[in-house]
Amino acid sequence: QVHIVESGGGLVQPGGSLRLSCAASGSIFGFERMGWYRQAPGKQRDLVAVITTGIGTTYGDSVKGRFTISRDTAKNTVVLQMNSLKPEDTAVYYCNVVIRWSGSDYWGQGTQVTVSS
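Quick caveat: nothing in here was measured; it's all calculated off a predicted structure.

A. Layout of the layout of surface pockets. Its boundaries defined by the atoms lining it, the largest pocket holds a volume of some 230 Å³. If you go around the largest pocket, you meet 16 residues; those closest to its centre are Arg38, Lys43, Asp46, Ser62 and Glu88. Going through the elements one at a time, strand S4 (31-39) and strand S5 (46-52) are the ones with two or more residues in the lining of the largest pocket. Class assignment for the residues of the lining of the largest pocket results in three nonpolar, five polar and eight charged.

The following block contains the structure:
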């Protein structure tokens, strides 16, 4: 059974930084893709950033140049460094992983990020 642990959310002022971490376990095949999505109240869940094996990184348009995603494949962890945060970045951030070979994906419980003065 896949288990996902997220950490690092919180309250930050505009222009500040936060770092989100996600650790996944439970897949004997490893993970083809790991990354982050977010959902603000009343809105759909959107891509923030993902890392796909053999392809690389993909960022949502609204975070390009401000957020950086990195992955430790051996440890099955992914980190999202968020800089120059804006109030519109406020959302629940969800870690998502895709199991290699199966395509099955799993979600974390989510961590709240609030950008406010």
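B. Focus on the nonpolar core. Trp36, Val48, Phe67, Leu80, Met82, Tyr93 and Val97 are the most contacted members of the largest nonpolar core, which totals 28 residues. Going through the elements one at a time, strand S3 (18-25), S4, S5, strand S7 (67-72), strand S8 (77-82), strand S9 (91-99) and strand S11 (111-115) are the ones with two or more residues in this core. Take this core: its biggest share by element is five residues, from S9. Contact partners of methionine 82, with chain neighbours within four places excluded, come to Gly16, Ser17, Leu18, Leu20, Arg66, Phe67, Tyr93 and Val113.

C. How the structure looks around the pattern of salt bridges. Overall, the coordinates contain three salt bridges when judged by the stated rule. Among the ionic pairs, aspartate 61 bridges to lysine 64, the shortest N-O distance being 3.1 Å. Lysine 64 shares its class with aspartate 61; the two are exposed. The structure contains a network of salt bridges with shared partners spanning Arg38, Arg66 and Asp89.

D. How the structure looks around the pairing of S9. Summarising burial for S9: eight of the nine residues are buried, a large majority. Of the pairings in the sheet, the one linking S4 to S9 comprises eight bridges and is antiparallel in character. Its bridge partner lying in S9, phenylalanine 31 is registered against isoleucine 99. As paired strands, S9 and S11 are joined by three bridges and run antiparallel to one another. Following the sheet pairing, valine 92 is matched in S11 by glutamine 112. For S9 and strand S10 (residues 105-107), the ladder comprises three bridges, and the chain directions are antiparallel. Paired with valine 97 across the bridge in S10 is tyrosine 106. In sequence, S9 turns back onto S10 through a hairpin of five residues, with tryptophan 101 there showing a positive phi of about 75°.

Calculation notes
Residues numbered from 1 in each chain as written. Predicted model: local features only at pLDDT ≥ 70, side-chain atom pairs only at ≥ 80, totals over all residues. Heavy atoms only, no water. 1 Å grid on protein atoms, 1.4 Å probe; cavity = no way out; pocket = protein on both sides within 12 Å on 5 of 7 lines; lining within 4 Å. Points joined across faces, edges and corners; volume = space filled by probe spheres on them. Helix = DSSP H or I, 4+ residues; strand = E, 2+ residues; numbered from the N terminus. Nonpolar A, V, L, I, M, F, W, Y, C, P; charged D, E, K, R; others polar. Core = buried A, V, L, I, M, F, W, Y, C linked by side-chain atoms within 4.5 Å. Buried < 20%, exposed > 50% of the residue type's maximum accessible area, 1.4 Å probe, protein only. Contact = heavy atoms within 4.5 Å. Salt bridge = Lys/Arg side-chain N within 4 Å of Asp/Glu carboxyl O. Pairing = 2+ DSSP bridges.

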